There are 2 protein chains.
Amino acid sequence: MNRIHNFSAGPAVLPESIVRQAQKDLYNHENTGLGIVECSHRSAQFDTVINSAKTRLHSLLGCDDDQEVLFLHGGARTQFYMLPMNLLRGGKAAYLDTGKWAEGAVEDAQRYGDIDVLFSSKETHWDRIPRQSDYAIEKGTRYLHYTSNNTVSGTEFHYRPEVPDGTWLMCDMSSNILSRRMDGSKFDFIYAGAQKNLGPSGTTVVIIRKSLLAQCDPNLPAMLRYGIHVAKDSMYNTPCTFSIYVIELMLRWITDQGGVDVVEARNRAHARKVYDLIDGSDFWTGKTAIDARSLMNLTFTTGNDRLDTTFWQTAANEGLSGLKGHRSVGGLRASLYNAQNDVSVDALCAFMRDFERQQG
Amino acid sequence: MNRIHNFSAGPAVLPESIVRQAQKDLYNHENTGLGIVECSHRSAQFDTVINSAKTRLHSLLGCDDDQEVLFLHGGARTQFYMLPMNLLRGGKAAYLDTGKWAEGAVEDAQRYGDIDVLFSSKETHWDRIPRQSDYAIEKGTRYLHYTSNNTVSGTEFHYRPEVPDGTWLMCDMSSNILSRRMDGSKFDFIYAGAQKNLGPSGTTVVIIRKSLLAQCDPNLPAMLRYGIHVAKDSMYNTPCTFSIYVIELMLRWITDQGGVDVVEARNRAHARKVYDLIDGSDFWTGKTAIDARSLMNLTFTTGNDRLDTTFWQTAANEGLSGLKGHRSVGGLRASLYNAQNDVSVDALCAFMRDFERQQG
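Below you will find a few notes about this structure. (Residues numbered from 1 in each chain as written. Chains lettered and ligands numbered in written order. Predicted model: local features only at pLDDT ≥ 70, side-chain atom pairs only at ≥ 80, totals over all residues. Heavy atoms only, no water.)

**Topic: helix α7 (residues 260-279) of chain B**
Residues and elements named next belong to chain B. Stated formally: Helix numbering and strand numbering both begin at the N terminus, where a helix is a DSSP run of H or I of at least 4 residues and a strand a DSSP run of E of at least 2. Given a helix with a known number of residues, its expected span is that number minus one, times 1.5 Å. For the exposure calls, accessible area comes from a 1.4 Å probe over protein chains only, and a residue counts as buried if that area is under 20% of its type's maximum, exposed if over 50%, partly exposed in between. Here a residue-residue contact requires only that any non-hydrogen atoms of the pair lie within 4.5 Å.
Between the first and last C-alpha of α7 there are 27 Å, a value that for 20 residues agrees with the 28 Å anticipated at 1.5 Å per step. Of all the positions in α7, only Val260, Val263, Glu264, Asn267, His270, Ala271, Val274, Tyr275, Leu277 and Ile278 are classed as buried. Residues of α7 that are buried sit in contact with α2 (44-60), α6 (241-257), β11 (285-286), β12 (297-301) and α9 (342-359).

Next comes the structure, spelled out in structure tokens:
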């Protein structure tokens, strides 16, 4: 059996060339005679991998010299509390509640300070993104936190929020990191679970300003202190070596494709194909405000729960996997991360047209 | 180039049959058309994997119905603080300081209560293990914590500490879990990083008594609450799917070998070969008390730092990798976890004999 079309929201499809490379390296990596998951994380062999991943991510994101790239455990969810635990410390922070994970970040942050939820689209099922003019950040706010792409509802920020001087900008980029040009240097704190645009699950990328380290709570267990992870170069304990290894391949692949701009153009073309199909038909309806549509997670519906179920089930039977909407919202969702390929996007569009013809 | 002999202390060698299986499944797992790291952690495909891993680990460890198996993030080090944060809560706990990681566990625990270090072999470079008669547990002690095998110094508990009624028994089994019969049902809390005896790095196995959940601090961020991980079946957020997948293969492999007893017998035979060689020669010296010797991490020295360095460097050049002692203690170390094979152990012994002949 061949590989099928994979629209999973994460863990998600990888480029086939990377899967082939990983197969080889599992057995014998770089002719060392050791498999990539069987060598010490402190070996020269792995050192080369993690250093390359760090340098490449720093460069592809456009970070500056004050920013440090870390590969940590725990998923993005661990950052929901680790970030405010370190950097809020009883102060005030502003959060934009644009989705299920943004809400989770608010819940955890409330333990560590005074949280201003400046905007929430929860009542309309997180179907929209605020404009800059929809919210104002109070003076004395330590940071603004937002989720740049909302995997569940299928919305995305198409601008970077502005923050006043003295307020830090923190962003959960889990589901759209490196999918578009973002100018990493404009952020004070970035985090992202790997399992969408970067590689397999098991690693969370954190980019923190070194100038923020002195502001972190020094009275925390070692594993929860960013300063220790920076000082130990993400090696305070054994990191998830396989995930970091694949991330390095993915970053190399982005460069080989022509860089973030080329990947972004392809992502836009993929999303446009599907959204154009949705907008050009009365059968399909997009689930979000048009100006908030995500390039990564495209949510749509036939307007009929039973028909939606028939769609994703039939699709799965015909080799298009992962099109069921998130269990909390229903409907349909196609995830088109960086590694998504033209053939699968075309197959999806063809299948949607056929389905409409048969059911419409 | 063929695969070489791998004595890494972790991440460590896997059985070649498992590496071969993982190579296939990376591309197309169980004929689903999806690679094992590219499918959703909530898919039926992965559900089968994690459920099997859970059931097999529960059974191979000899756990009882009150015990729940979790696959968490963060390495064993995260348990150093998560355990006392949840279950100490200002009370008193006893710790046995038998090594570098035991000491790390003490440091974190001191934030959450009154820690009695009942025994420490730090002054003699953690070269020994206390007898039961060497320490007494005070009444009112919430739990005893110990590290069943000490990866750095190369010592191991060859008995299970007894605790008085009302005191829980907690164990960091990172480096010897399932290497020998241990009767999991006698423990109240077990944890182990996967990357030694169980699979690749990225997952920490936690086994907690369900009857302890009501005693856990309920006022913690969600990711730090054992109760939530139990309720969500290790799926509160995206787990490290690759690592759990390989763990499942390793557990299946242990059963296929004939179970823990067969694996233990082989581990004992491997260790005996090397220790007999050390004891039968004036050239080599074991680094620990004889009755405390680990079956997993065998530490030894020529007694001469420069010669030790020549040994592991020459060995590495000749295809025996990972024999350098931990950077904090120097000397030599051979790690012989479950997946270690007869051929590599024999190659090590032959190389040691040759080296002695040439240098001695």
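**Brief notes about the environment of Tyr226 of chain B**
All names here are of chain B. Heads up, the rule is: Between N or O atoms, a polar contact is any pair within 3.5 Å; within protein, one atom must be a potential hydrogen donor and the other a potential acceptor, and residues adjacent in sequence are included only when both atoms are from side chains.
Inspection of the secondary structure puts Tyr226 in helix α5 (residues 226-231). Residue class for Tyr226 comes out buried when judged on its relative accessible area of 0%. In this structure the C-alpha to C-alpha distance between Tyr226 and Lys273, which are 47 residues apart in sequence, comes to 42 Å. When sequence neighbours within four positions are dropped, the list of residues in contact with Tyr226 reads Leu70, Leu72, Gln79, Met82, Leu83, Asn86, Phe189, Val206, Ile208, Leu213 and Cys216. Among the polar contacts listed, one links the side chain of Tyr226 to the side chain of Gln79, at a separation of 2.5 Å.

**What to know about the packing of aromatic side chains**
Stated formally: A pair of Phe, Tyr and Trp rings is counted when the ring centres sit within 6.5 Å of each other, with Trp represented by its six-membered ring. The angle between the planes then sorts it: under 30 degrees is stacked, over 60 is edge-to-face, the rest tilted. Geometrically, a lysine NZ or arginine CZ counts as sitting over a ring once it is within 6 Å of the ring centre and also within 35 degrees of the ring normal.
A full pass over the atoms with the stated rule returns 33 aromatic pairs over all chains. An aromatic cluster is present here, built from Phe283, Trp284, Phe300, Phe311, Phe351 and Phe355 of chain A joined pairwise through their rings. Lying over the aromatic face of Tyr27 of chain B, Arg3 of chain A brings its terminal NZ or CZ to 5.0 Å of the ring centre. For Arg20 of chain A, the ring lying beneath its charged end belongs to Tyr27 of chain B, and the centroid distance is 3.7 Å.

**Structural notes on the relation of the copies chain A and chain B**
Defined as follows: Residues reaching a pLDDT of at least 70 in both copies supply the C-alpha atoms on which the copies are superposed by least squares.
Mapping chain A onto chain B calls for a screw motion: a turn of 180° about the axis and a shift of 0.0 Å along it, with 0.0 Å RMSD after fitting. The relationship between the two copies is best expressed as a two-fold rotation axis. Of the C-alpha atoms belonging to chain A, the one lying closest to the rotation axis is found on Gln23 of chain A, 2.4 Å away. A share of 100% of interface residues in chain A that are also interface residues in chain B marks the association as one of identical surfaces.

**Notes on the pattern of salt bridges**
Two side chains of opposite charge can pair, provided their charged atoms sit close to one another. Worth spelling out the cut-off: One speaks of a salt bridge when a side-chain nitrogen belonging to Lys or Arg is within 4 Å of a carboxyl oxygen belonging to Asp or Glu.
Evaluated as defined, the whole model comprises 42 salt bridges over all chains. Of the charged contacts in the structure, one is a salt bridge between Glu248 of chain A and Arg252 of chain A, with a shortest N-O distance of 2.7 Å. Highlighted residues: Glu248 of chain A and Arg252 of chain A, both in helix α6 (residues 241-257), separated by four residues, approximately one helical turn. Taking relative accessible area as the criterion, Arg252 of chain A reaches 37% and is therefore assigned partly exposed. The residue Lys122 of chain B makes a salt bridge to Glu103 of chain B at a minimum N-O spacing of 2.5 Å. One end of the pair, Lys122 of chain B, is in the loop between β4 (114-120) and β5 (141-147); the other, Glu103 of chain B, is in helix α4 (residues 100-109), and 19 residues separate them in sequence. For Lys122 of chain B, a relative accessible area of 41% translates into the label partly exposed. One salt-bridge network, held together by shared partners, links Lys54, Glu68, Lys210 and Asp233 of chain A.

**Some words on the sheet that holds strand β2 (residues 67-72) of chain B**
Within a sheet, adjacent strands bond to each other through the backbone by hydrogen bonds, running parallel or antiparallel. Residues and elements named next belong to chain B. The condition is simple: A pair of strands is labelled paired if DSSP reports no fewer than 2 bridges between them. Axis definition: a line fitted to C-alpha atoms, over the contacting stretch in the case of helices. Angles run 0 to 180 degrees between N-to-C directions.
Strand order across the open sheet formed by seven strands is β2-β10-β9-β8-β5-β3-β4, with mixed pairing between neighbours. Two strands lie at the open edges of the sheet, namely β2 and β4, each paired on one side alone. Averaged over all adjacent pairs, the angle separating strand axes in this sheet is 15°, with direction ignored. Relative to strand β10 (residues 204-209), β2 is paired through six bridges, and the arrangement is antiparallel. Bridge pairing links Leu70 to Val206 in β10. Across the sheet, helix α3 (residues 75-87) is in contact with β2, β3 (92-97), β5, β8 (168-172), β9 (189-193) and β10; its angle to β9 comes to roughly 160°.

**Here's the deal with the interface of chain A and chain B**
Formally: When two parts are put together, the accessible area they lose, computed with a 1.4 Å probe and summed over both, is reported as buried area.
Listed by partner, the interface residues are 59 residues for chain A and 59 residues for chain B. When chain A packs against chain B, close to 4900 Å² is buried across both sides, 54% of that on carbon and sulfur atoms. Three residues stand out in chain A for area buried against chain B, namely Tyr27, Glu38 and Arg77 of chain A, and they jointly supply 15% of the buried area on that side. Viewed at the interface, chain B and chain A are joined by two salt bridges. One salt bridge connects Glu38 of chain A with Arg3 of chain B, and the closest N-O pair in it is separated by 2.8 Å.

**Digging into the sheet that holds strand β2 (residues 67-72) of chain A**
All names here are of chain A. On the basis of which strands lie adjacent, the open sheet formed by seven strands has the order β2-β10-β9-β8-β5-β3-β4 and mixed pairing. In the strand order of this sheet, the two ends are held by β2 and β4 (114-120), each with one partner. Direction aside, the axes of adjacent strands within the sheet are offset by 15° on average. Each of β2 and β10 (204-209) touches helix α2 (residues 44-60); the most contacted strand, β2, lies at about 130° to it. Contacting β2, β3 (92-97), β5 (141-147), β8 (168-172), β9 (189-193) and β10, helix α3 (residues 75-87) runs over the sheet at an angle of about 160° to β9.

Shape is all these values report; function is a separate question.
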